[in-house]
Amino acid sequence: MKFSSEEISQLLVVGIEDNDDLSHIEELQPGGVILFARNAGPRDEVLRLTRRIEALCDTPPIVCVDQEGGRVQRLQDGFTRIRPMRELAQSGARAVSIAAMSIAAELRAVGINCNLAPVCDVPVHPDDTVIGNRAFSSDAIEASLLAAEYIRAAQPTVMCVAKHFPGHGGVGIDSHQALPTYASTQEELESVHLTPFRAAIGAGVAGIMMGHIAVPDLDENGTPASLSQPI
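What counts as what
Residues numbered from 1 in each chain as written. Predicted model: local features only at pLDDT ≥ 70, side-chain atom pairs only at ≥ 80, totals over all residues. Heavy atoms only, no water. Helix = DSSP H or I, 4+ residues; strand = E, 2+ residues; numbered from the N terminus. Rg over C-alpha atoms; globule rule 2.2 N^0.38 Å. Buried < 20%, exposed > 50% of the residue type's maximum accessible area, 1.4 Å probe, protein only. Contact = heavy atoms within 4.5 Å. Polar contact = N/O pair within 3.5 Å; in protein donor to acceptor, adjacent residues only side chain to side chain. Salt bridge = Lys/Arg side-chain N within 4 Å of Asp/Glu carboxyl O. Phe/Tyr/Trp six-rings, centres within 6.5 Å; stacked < 30°, edge-to-face > 60°. Lys NZ or Arg CZ within 6 Å of the ring centre and 35° of its normal. Pairing = 2+ DSSP bridges. Core = buried A, V, L, I, M, F, W, Y, C linked by side-chain atoms within 4.5 Å. Arc of directions from axis to C-beta. 1 Å grid on protein atoms, 1.4 Å probe; cavity = no way out; pocket = protein on both sides within 12 Å on 5 of 7 lines; lining within 4 Å. Points joined across faces, edges and corners; volume = space filled by probe spheres on them. Axes fitted to C-alpha atoms, helices over the stretch in contact; angles between N-to-C directions. Left-handed = near helix turned anticlockwise from the far one by under 90°. Nonpolar A, V, L, I, M, F, W, Y, C, P; charged D, E, K, R; others polar.

A short note on the overall build of the protein
- Looking only at helices and strands, one finds eight helices and eight strands in the protein.
- Expected size for 231 residues packed as a compact globule is a radius of gyration near 17 Å; at 18 Å, the protein falls within 12% of this value.
- Counting only C-alpha atoms and orienting by the principal axes, one finds that the protein spans roughly 50 × 45 × 30 Å.
- Per-residue burial for the protein yields a buried fraction of 49% across its 231 residues.
- Put simply, of all contacts in the protein between residues at least 6 apart along the chain, 67% involve residues at least 24 apart.

Given below as structure tokens:
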């Protein structure tokens, strides 16, 4: 089966190095664009940027950002500072729901239609420094319930993407720096790490972000989940 360049472009999510130069957006016609802190500014500037992006694309793109709250909140100038999800979870499901709706409304108002959240990892590794309080809980059941609550609250306004499948909480290495290998058992995967993702799917989550994690129990070749056909 052959695919056209236009069809392939629709599978890409691209970043922007310089807000003043969007020539690659017009040329590639990507299916998605991701904004980072380098693209952030006051709300009116972010809105102008997303409007320019949309105007350059023949097909309206997915415009996404990591706006989790806590230490991963790309847009800050003029946006509500949200506490880490772990702290909100300690205040109960209602607090998580309100935060999800608030984040979604602010993103939609500036032309962003997809939030790369919630974090559905269950941090159980003693050396974990990557996930920590970004996750709702180190208890799989609680994390599952709150992930579903978050998605149901946010998705009437923006798409949500659950991450980092099949779970980054069982490793102690930062996958931005190296490839962690999660030497799990199938039982632990099923009872802990996959549980919140099942809940997210049950809540109708729009997408799932793959993690850069090798899980030999799911792919014996040790291929990172992000590139693994079995996973």
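Observations regarding the side chain of Lys-163
- Structurally, Lys-163 can be placed in strand E7 (residues 159-165).
- Within the structure, Lys-163 has its side chain in polar contact with the side chain of Asp-66 (distance 2.7 Å).
- A polar side-chain atom of Lys-163 sits 2.7 Å from a polar atom in the side chain of Glu-68.
- Apart from residues no more than four positions distant in its own chain, Lys-163 is found in contact with Asp-66, Glu-68, Leu-116, Pro-118, Val-119, Cys-120, Asp-121, Arg-134, Phe-197 and Met-209.

Examining the pattern of salt bridges
- All told, the structure shown has eight salt bridges when counted by the stated rule.
- Ionic pairing is found between Glu-17 and Arg-38, a salt bridge with its closest N-O pair at 3.7 Å. Taken together, the residues span a long stretch of sequence, with Glu-17 in the loop between strand E1 (13-14) and helix H2 (23-28) and Arg-38 in the loop between strand E2 (32-35) and helix H3 (43-56) at a distance of 21 residues.
- A relative accessible area of 43% places Arg-38 in the partly exposed class.

Digging into the packing of aromatic side chains
- Summed over the entire model, instances satisfying the criterion amount to two aromatic pairs.
- Over the face of the ring belonging to Phe-79 we find Arg-43, whose NZ or CZ atom lies 5.3 Å from the ring centre.

Side note on the sheet that holds E7
- On the basis of which strands lie adjacent, the open sheet formed by six strands has the order E1-E2-E3-E6-E7-E8 and parallel pairing. Looking at which strands have only one partner, the edges of the open sheet turn out to be E1 and strand E8 (207-210).

Things to note about the nonpolar core
- With 53 residues, the main nonpolar core has Ile-16, Ile-25, Leu-35, Ile-53, Ile-112 and Tyr-150 as its most contacted residues.
- Counting only elements with at least two residues in this core, the list comes to E2, H3, strand E3 (62-65), helix H4 (85-90), helix H5 (93-109), helix H6 (140-154), E7 and helix H8 (195-202).
- Filtering out sequence-adjacent residues up to four positions away, Ile-112 remains in contact with Leu-35, Val-46, Thr-50, Val-63, Cys-64, Val-65, Leu-75, Leu-107 and Val-158.
- Counting residues in each nonpolar core, the second largest holds five residues, with Ile-34, Cys-64, Leu-116 and Val-161 among its members.

Regarding helix H7 (residues 186-193)
- For H7, the full list of buried residues reads Leu-189, Val-192 and His-193. Looking straight down H7, one finds its buried side chains confined to an arc of 100°; they lie on one side.

Things to note about the pairing of E3
- Pairing between E2 and E3: four bridges, direction parallel. Note that in E3 the partner of Gly-32 across the bridge is Ile-62.
- In this sheet, strand E6 (residues 114-115) lies alongside E3 in parallel orientation, the contact comprising two bridges. Along E6, the bridge assignment pairs Val-65 with Asn-115.

What to know about the layout of surface pockets
- Quantified by volume, the largest pocket comes out at close to 550 Å³.
- What lines the largest pocket is a set of 21 residues, and nearest its centre among them are Lys-163, His-164, Met-209, Met-210 and His-212.
- Within the residue set of the lining of the largest pocket, elements represented by two or more residues are E7 and E8.
- By residue number, the principal contributor to the lining of the largest pocket is E8, which donates four residues.

Observations concerning the packing of H5 against H6
- Closest axis-to-axis distance for the H5/H6 pair is 8 Å, and the angle between their directions is 35°. The interaxial crossing formed by H5 with H6 has right-handed handedness. Of H6, the residues touching H5 (which contributes Ala-93, Val-96, Ser-97, Ala-100, Met-101, Ile-103 and Ala-104) are Leu-146, Glu-149, Tyr-150, Ala-153 and Ala-154.
- Along the lines of polarity and charge, the residues of the contact of H5 with H6 split into 10 nonpolar, one polar and one charged.

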